[in-house]
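# A closer look at the structure
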Amino acid sequence: MTRDTLPHLVIIGGGFAGLWATRALASARVRITLVDRRNHHLFQPLLYQVATAGLSAPDIAAPLRHILGDQRNVEVRLGEVTSIDKQTRQITLADGSHLGYDTLMLCTGATHAYFGHDEWAADAPGLKTLDDAIALRRKLLLAFERAEAEPDPA
Ligand SMILES: Cc1cc2nc3c(=O)[nH]c(=O)nc-3n(C[C@H](O)[C@H](O)[C@H](O)COP(=O)(O)OP(=O)(O)OC[C@H]3O[C@@H](n4cnc5c(N)ncnc54)[C@H](O)[C@@H]3O)c2cc1C
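Below, the structure is looked at part by part. (Residues numbered from 1 in each chain as written. Predicted model: local features only at pLDDT ≥ 70, side-chain atom pairs only at ≥ 80, totals over all residues. Heavy atoms only, no water.)

### Thoughts on the site of the ligand
- The environment of the ligand is made up of 20 residues, and the closest members are Phe 16, Ala 17, Asp 36, Gln 44 and Val 81.
- Contact between the ligand and Ala 17: an oxygen atom at 2.8 Å from a main-chain N or O atom of the residue.
- In the shell around the ligand, the residues fall into eight nonpolar, seven polar and five charged. (Near = heavy atom within 4 Å. Polar contact = N/O pair within 3.5 Å; in protein donor to acceptor, adjacent residues only side chain to side chain. Nonpolar A, V, L, I, M, F, W, Y, C, P; charged D, E, K, R; others polar.)

As structure tokens, this is what we get:
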């Protein structure tokens, strides 16, 4: 079987689920395309440390292509999946391009919820991405700076 005739597995999401599934299939006779809207794997449990300036962003994120560099049956594709057509077995990316698959694995994770109260978001921002962590860190550090410059001790 040549590479082009191998079954094509598309995995959407390079988080814990997608990345570990990809690695577990390193010896399988499949051609894998790992699609993620970010080109890095993010170790989410350490986002708190980035948000509180204990760690920097590169300490908890690693490029997917670097992690999978030795794995011959995988290609990494950067892109946001916007739709899936099960009839034609194709996914569509935000840039309008399409990608066909034989088997699709959805590993897109979850997001936080405000239980129907989206107005809470302003006071309780989410912490799921590096952008979220850096925004929170800026807010925390600026609060300390303002406290430092405050003449009224009370
Ligand atoms: C702050 C924080 C602390 C945590 N601490 C712990 C802990 O201490 N212990 C623990 O066990 N768990 C912890 N967790 C939970 C753990 O991180 C998650 O359970 C785990 O990351 C889920 O893995 P996943 O692969 O399902 O999803 P994710 O890791 O969220 O990965 C989903 C991937 O899919 C990609 N994606 C999503 N939608 C699309 C799309 N449309 N197109 C392309 N790509 C897409 C995303 O970019 C992402 O890379 C924590 C989570 C957070 C946020």
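### Details of helix 1 (residues 16-24)
- Inspection of helix 1 places Gly 18, Leu 19, Ala 21 and Thr 22 among the buried residues, and these make up the whole buried set. Projected onto a plane normal to the axis of helix 1, the buried residues spread over an arc of 165° and lie on a single side.
- Turning to helix 1, the residues buried within the fold contact strand 1 (8-12), strand 2 (31-36), strand 3 (40-42), helix 3 (64-67), strand 5 (74-78) and strand 9 (103-106). (Buried < 20%, exposed > 50% of the residue type's maximum accessible area, 1.4 Å probe, protein only. Helix = DSSP H or I, 4+ residues; strand = E, 2+ residues; numbered from the N terminus. Arc of directions from axis to C-beta. Contact = heavy atoms within 4.5 Å.)

### A short note on the sheet that holds strand 9
- The strand order across the open sheet built from four strands is 5-2-1-9, with neighbouring strands paired in parallel fashion. Among the strands making up the open sheet, the edge pair consists of strand 5 and strand 9. Across this sheet, the average inter-strand angle for adjacent strands is 20°, counted without regard to direction.
- Where strand 1 lies against strand 2, five bridges are found, and the strand directions are parallel. (Pairing = 2+ DSSP bridges. Axes fitted to C-alpha atoms, helices over the stretch in contact; angles between N-to-C directions.)

### Remarks on the pattern of salt bridges
- For the coordinates displayed, the defined rule picks out one salt bridge.
- Close ionic contact of Arg 37 with Glu 80 constitutes a salt bridge, the shortest N to O distance being 3.1 Å. In this pair, Arg 37 is assigned in the loop between strand 2 and strand 3 and Glu 80 in the loop between strand 5 and strand 6 (81-85), connecting sequence segments 43 residues apart.
- Of the residues examined, Arg 37 reaches a relative accessible area of 58% and is grouped as exposed. (Salt bridge = Lys/Arg side-chain N within 4 Å of Asp/Glu carboxyl O.)

### Digging into the nonpolar core
- Listed in full, the 12 residues of the largest apolar core are Leu 9, Ile 11, Leu 19, Ala 21, Val 30, Ile 32, Leu 34, Leu 64, Leu 68, Val 74, Val 76 and Cys 107.
- Taken together, the elements giving at least two residues each to this core come down to strand 1, helix 1, strand 2 and strand 5.
- In this structure, Val 50, Ala 51, Leu 130 and Ala 133 belong to the second largest nonpolar core, which totals eight residues. (Core = buried A, V, L, I, M, F, W, Y, C linked by side-chain atoms within 4.5 Å.)

### Comments concerning the side chain of Asn 73
- The residue Asn 73 is located in the loop between helix 3 and strand 5 in this model.
- Residue Asn 73 is classed as buried on the basis of its relative accessible area of 9%.
- One polar contact links the side chain of Asn 73 to the main-chain carbonyl oxygen of Ala 28, over a distance of 3.4 Å.
- Within the structure, the side chain of Asn 73 is placed 2.9 Å from the side chain of Gln 71, a separation counted as a polar contact.

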